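Structural overview
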Amino acid sequence: KDKDKYSGVVEDCCCDYETVNHLNEQVLHPSLQELVKTSFFRYFKVKLWCDCPFWPEDGMCRLRDCSVCECPESEFPESFKNPLRRGLSSDDLVCQEGKPQAAVDRTVDSKAFRGWTVTDNPWTSDDETDNADMTYVNLQLNPERYTGYIGPSARRIWDAVYSENCPKYPSEELCQEEKILYKLISGLHSSISVHIAADYLLDEATNTWGENLKLLYDRVLRYPDRVRNLYFTFLFVLRAVTKAADYLEQADYETGNPTEDLKTQSIMKQLLYNPKLQAACPLPFDEAKLWKGQSGPELKQRIQGQFRNISALMDCVGCEKCRLWGKLQVLGLGTALNILFAVNGEEHLGQTLQLQRNEVIALTNLLNRLSESVTFVHEKGPSVETIMEGH
Ligand code: FAD
């Protein structure tokens, strides 16, 4: 019975569940895990201040596990640094999560992302050119996991994301493009829930962390659609990454450490041009069939506006660490949408595609998060369902 639930081709995609699991295990997961640890991919530039345009009264979350450990400038790669602000002591290298010392200078060097564009992405609301309030965060030190962010504030964000911006499905007839927006958000929501379940605070008194498989079942596995949407989102983002392969292969991964930078480039290449991937799932998602009708351009503008609203909502997430991962992953999705639905189509992608450094970091880390979620659901799903459903 369980096998039937997730067999055949992932809805609206071009590969089946079994192939996705196999490729993820053999190719994608191992490469992505290595890639996100490299200097280039582990530092994300972000404005963490709560800058919510919708509910200005919503305060910042005060939970310890909610706060983000920012990077002292001495920690991020040489080429990212502002030349005027070198020479911090080695104490600054220690992550001081939750302590006042963690408050570092939030300003960053405006030249840090030199060589990369600052072109506008029509799918996102972020103004990444404004550096004054931005900081670098070491993603490896701030894992996406349980933070204790629950209740009306969290609920309000998800409600707004679903009801205001992507109409309920399948309660009314939606066109294919709107369904896709819904599925992307639902898939991302599943992935966030999976990460909460995979790394949960089991005992506050002893600060014991571990898996919460009941939560995995209650929030994700119980609803096969949520699992399907997770696989869909994974394939959608994978397609964006492989479509932009030529661009991503040639991108500048310089961080000032030539050995590591070469390694980054080589793992990226392995991921992008893996023969197993190309043989088993050459086209994870076929974007060419969208926006076809007469109203295509108008529909695209509307959905772009809806996605921009979702992106703006991430500034309202009342927990710093959740906001970090929310912003990163929505930027990653916005980047995938931009790659797949670039104005000039695939033929010209090589010449016209312009991505910001932060977008490449977000896209890759998002793919890794989705890959981790697929791994966890695939590994734990069958036994958890057997226990919970008593069969
Ligand atoms: P929620 O997950 O809040 O879901 C609300 C409602 O949405 C559900 O009742 C259901 O009707 C619907 N729903 C749930 N899942 C799906 C799905 N996959 N597809 C479609 N509909 C669905 N908490 C953390 O501990 N760590 C984090 O890193 C974290 N990051 C977050 C990032 C964002 C952007 C947001 C908005 C919240 C984040 N949270 C995080 C909070 C977390 O997502 C939950 O909101 C919280 O744990 C409360 O969960 P809940 O059981 O009330 O259901």
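Reference entry: report on the structure contained in this document. (Residues numbered from 1 in each chain as written. Predicted model: local features only at pLDDT ≥ 70, side-chain atom pairs only at ≥ 80, totals over all residues. Heavy atoms only, no water.)

Moving on, we get to the overall build of the protein. For the protein, the count of helices and strands is 14 helices and four strands. Taken across its 391 residues, the protein has 54% of its residues classed as buried. In the protein, of all internal contacts separated by at least 6 residues, the share reaching a separation of at least 24 is 83%. (Helix = DSSP H or I, 4+ residues; strand = E, 2+ residues; numbered from the N terminus. Buried < 20%, exposed > 50% of the residue type's maximum accessible area, 1.4 Å probe, protein only. Contact = heavy atoms within 4.5 Å.)

Viewed as axis vectors pointing N to C, helix α5 (residues 176–198) and helix α11 (residues 296–313) meet at an angle of 20°, and their least axial separation amounts to 10 Å. Here α11 runs roughly parallel to α5, going by the angle between their axes. The two elements α5 and α11 meet at a crossing, and its hand is right-handed. Where α5 approaches α11, its residues Glu-177, Glu-178, Leu-181 and Ile-185 are matched on the opposing element by Leu-299, Arg-302, Ile-303, Gln-306, Phe-307 and Ile-310. Looking at the contact of α5 with α11 residue by residue, the classes come out as six nonpolar, one polar and three charged. (Axes fitted to C-alpha atoms, helices over the stretch in contact; angles between N-to-C directions. Parallel < 35°, antiparallel > 145°, perpendicular 65-115°, else oblique. Left-handed = near helix turned anticlockwise from the far one by under 90°. Nonpolar A, V, L, I, M, F, W, Y, C, P; charged D, E, K, R; others polar.)

Right, let's get into the site of the ligand. Neighbouring residues of the ligand: 23 residues in total, closest Arg-145, Thr-147, Ser-186, His-189 and Arg-219. Arg-155 has a polar side-chain atom sitting 3.2 Å from an oxygen atom of the ligand. Between the ligand and Trp-158 there is a distance of 3.0 Å, counted from an oxygen atom to a side-chain nitrogen or oxygen. When the ligand is considered free in solution it has 940 Å² of accessible area, and contact with the protein chains removes 84% of it. Listed by contribution, the elements that provide at least two residues to the shell around the ligand are α4 (152–165) and α5. Per-element accounting of the shell around the ligand gives the leading share, six residues, to α5. Of the residues that constitute the shell around the ligand, the class distribution is 13 nonpolar, five polar and five charged. (Near = heavy atom within 4 Å. Polar contact = N/O pair within 3.5 Å; in protein donor to acceptor, adjacent residues only side chain to side chain. Areas by Shrake-Rupley, 256 points an atom, 1.4 Å probe, with all protein chains shown as cover.)

Here we come to the packing of aromatic side chains. According to the stated counting rule, one finds 16 aromatic pairs in the structure shown. Taking 5.8 Å as the distance between ring centres and 90° as the angle between the ring planes, the aromatic pair formed by Phe-232 and Phe-285 counts as edge-to-face. A residue pair is termed long-range when its members are at least 10 positions apart, and Phe-232 in helix α7 (residues 224–243) and Phe-285 in the loop between α10 (275–280) and α11 qualify at 53 residues. Through pairs of rings, three or more aromatic residues link up here, namely Trp-123, Phe-232, Phe-236, Phe-285, Trp-291, Phe-307 and Phe-341. (Phe/Tyr/Trp six-rings, centres within 6.5 Å; stacked < 30°, edge-to-face > 60°.)

A few words on the packing of helix α2 (residues 17–35) against α7. Look at α2 against α7: their axes get within 12 Å of each other, and the N-to-C directions meet at 55°. In terms of axis orientation, α2 runs oblique to α7. Handedness of the α2/α7 crossing: left-handed. From α2, Tyr-17, Val-20, Asn-21, Asn-24 and Leu-28 reach across to α7, where they touch Arg-228, Tyr-231, Phe-234, Leu-235 and Leu-238. Here the contact of α2 with α7 is composed, by residue class, of seven nonpolar, two polar and one charged.

In this structure, Leu-28, Phe-44, Phe-236 and Leu-324 are the most contacted members of the largest nonpolar core, which totals 103 residues. Residues within four places of Leu-28 in sequence aside, it is in contact with Leu-23, Phe-234, Leu-238, Leu-271 and Leu-277. (Core = buried A, V, L, I, M, F, W, Y, C linked by side-chain atoms within 4.5 Å.)

Summed over all chains, the structure comprises one disulfide. Disulfide pairing places Cys-15 opposite Cys-281 at an S-S distance of 1.8 Å. Classification of the bridge connecting Cys-15 and Cys-281 rests on its S-S torsion, roughly 75°, and on that basis the disulfide is right-handed. Here Cys-15 is found in the loop between α1 (2–5) and α2, whereas its partner Cys-281 is found in the loop between α10 and α11, with 266 residues between them in sequence. The burial state of Cys-15 is the same as that of Cys-281; both residues are buried. (Disulfide = S-S within 2.5 Å.)

This part covers helix α9 (residues 258–272). With 15 residues, α9 should cover 21 Å at 1.5 Å per step; its first-to-last C-alpha distance of 21 Å lies within 8% of that length. Of the residues making up α9, those classed as buried are Glu-260, Asp-261, Thr-264, Ile-267, Met-268, Leu-271 and Leu-272. When α9 is viewed along its axis, its buried side chains cluster within an angular range of 130° and face the same direction. Opposite the buried face of α9, at more than 90 degrees from it, the exposed residues are Pro-258, Thr-259 and Leu-262. (Expected span 1.5 Å × (residues − 1). Arc of directions from axis to C-beta.)

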